[in-house]
Amino acid sequence: MSPALLSPRARWRGLVAAVAVALLAGCATPPPSAPSEPSAASHLSGRLALSLATDPPQHWSAGFELSGTPAQGELRLSTPLGQTLATIRWDGRGAWVERRDTDPRPYDGLDALTADLIGTPVPVTALFAWLRGVPHEAPGWQVDLSQQPTGRLRLRRSDPPPAADLRLIWQP
């Protein structure tokens, strides 16, 4: 189903889930086989906010808890009061989105999940670099790394439309 045909609530949940996938992919690092990279995150938590330049403009925010590695892990999105909105799990077999009101929905992987939920794959390789504070080219995306050392990151997507502005805050 096209993201444009979903209800506002379904789009909100889908977009927050997609942002979460982007976050989980970016917050973790490659396996220890790359000695120049830091070890994978075992647990990370914080807040995220997403704005889309649609008509009318859309804005969402959620808390997140991330555990695992790029190869296998879990990401939970929650309300400010701690109620779970969605859980995303992934491993070598694929990725799954679980919500309270629906059965788990499987995907071939994180790229397929984010493409379905927001209409374009999230640049996973770039996110790995950005959350480590390393510049990396990703078509359509710009990142402000100036506050990354303090646990803040701002990502902007200009193409494809709609434009997106994602802000992440975590405990460094």
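Just so we're clear, the structure is a prediction, and the values are computed from it rather than from any experiment.

### What about the overall build of the protein?
Helices and strands together make up the secondary structure of the protein, namely three helices and nine strands. Secondary structure elements of the protein occur, N-terminal to C-terminal, as α-β-β-β-β-β-β-α-α-β-β-β. Of the contacts formed within the protein by residues at least 6 apart in sequence, a portion of 38% connects residues at least 24 apart. With an accessible surface of roughly 9,000 Å², the protein has 55% of that area assigned to carbon and sulfur atoms.

### Some words on the pattern of salt bridges
Between side chains of opposite charge, a pair can form when the charged atoms approach closely. A full pass over the atoms with the stated rule returns six salt bridges. Linking Glu-74 and Arg-89 is a salt bridge whose minimum nitrogen-to-oxygen distance equals 2.8 Å. Highlighted residues: Glu-74 in strand β3 (residues 73–78) and Arg-89 in strand β4 (residues 84–91), separated in sequence by 15 residues. Judged by its relative accessible area of 18%, Glu-74 falls in the buried class. Of the charged contacts in the structure, one is a salt bridge between Arg-93 and Asp-91, with a shortest N-O distance of 2.6 Å. Note on Arg-93: relative accessible area 67%, which makes it exposed. Residues joined in a network through salt bridges with shared partners are Glu-74, Arg-76, Arg-89 and Glu-98.

### Comments concerning the sheet that holds β3
In space, the nine strands of this open sheet follow the order β6-β5-β4-β3-β2-β1-β9-β8-β7, with antiparallel pairing throughout. Bordering the open sheet on either side are β6 (102–107) and β7 (141–144), each of which pairs with just one other strand. Sheet twist, expressed as the average angle between the axes of neighbouring strands with direction ignored, equals 20°. Judged from the six bridges that link them, strand β8 (residues 152–157) and strand β9 (residues 164–170) form a sheet pairing that is antiparallel. Bridge pairing in β9 places Arg-152 opposite Ile-169.

### Details of the confidence of the model for the protein
Detailed reading of predicted coordinates is not advised where the pLDDT is low. The predicted model of the protein has a mean per-residue pLDDT of 76, with 70% of residues at 70 or higher. At the level of individual helices and strands, the protein shows its lowest average pLDDT in helix α1 (residues 8–27), which scores 48, and its highest in β8, which scores 93. Across residues 20–40, where pLDDT falls below 50, the model places 46 contacts with residues more than four positions away in sequence or in other chains.

### Considerations on the environment of Gly-140
In this fold, Gly-140 is placed in the loop between α3 (124–131) and β7. On a C-alpha basis, the gap between Gly-140 and Ser-158 in space is 5.3 Å, while along the polypeptide they are 18 residues apart. Contact partners of Gly-140, with chain neighbours within four places excluded, come to Arg-156, Arg-157, Ser-158 and Asp-159.

### Digging into the environment of Arg-152
Checked against the element boundaries, Arg-152 lands in strand β8. It is 4.6 Å that separates the C-alpha atoms of Arg-152 and Ile-169, two residues lying 17 residues apart in sequence. Leaving out residues up to four positions away in the same chain, Arg-152 has contacts with Gln-147, Leu-168, Ile-169 and Trp-170.

### Brief notes about the environment of Arg-76
Position of Arg-76 relative to the elements: it lies in strand β3. With a relative accessible area of 33%, Arg-76 lands in the partly exposed category. Distance in space between the C-alpha atoms of Arg-76 and Arg-89 is 8.8 Å, their sequence separation being 13 residues. Aside from chain neighbours lying at most four places away, what touches Arg-76 is Gly-63, Phe-64, Glu-65, Thr-84, Ala-86, Thr-87 and Arg-89. A polar contact is formed between the side chain of Arg-76 and the side chain of Glu-74, at a distance of 3.0 Å.

The rules behind the values
Residues numbered from 1 in each chain as written. Predicted model: local features only at pLDDT ≥ 70, side-chain atom pairs only at ≥ 80, totals over all residues. Heavy atoms only, no water. Helix = DSSP H or I, 4+ residues; strand = E, 2+ residues; numbered from the N terminus. Contact = heavy atoms within 4.5 Å. Areas by Shrake-Rupley, 256 points an atom, 1.4 Å probe, with all protein chains shown as cover. Salt bridge = Lys/Arg side-chain N within 4 Å of Asp/Glu carboxyl O. Buried < 20%, exposed > 50% of the residue type's maximum accessible area, 1.4 Å probe, protein only. Pairing = 2+ DSSP bridges. Axes fitted to C-alpha atoms, helices over the stretch in contact; angles between N-to-C directions. pLDDT = per-residue confidence, 0-100. Polar contact = N/O pair within 3.5 Å; in protein donor to acceptor, adjacent residues only side chain to side chain.

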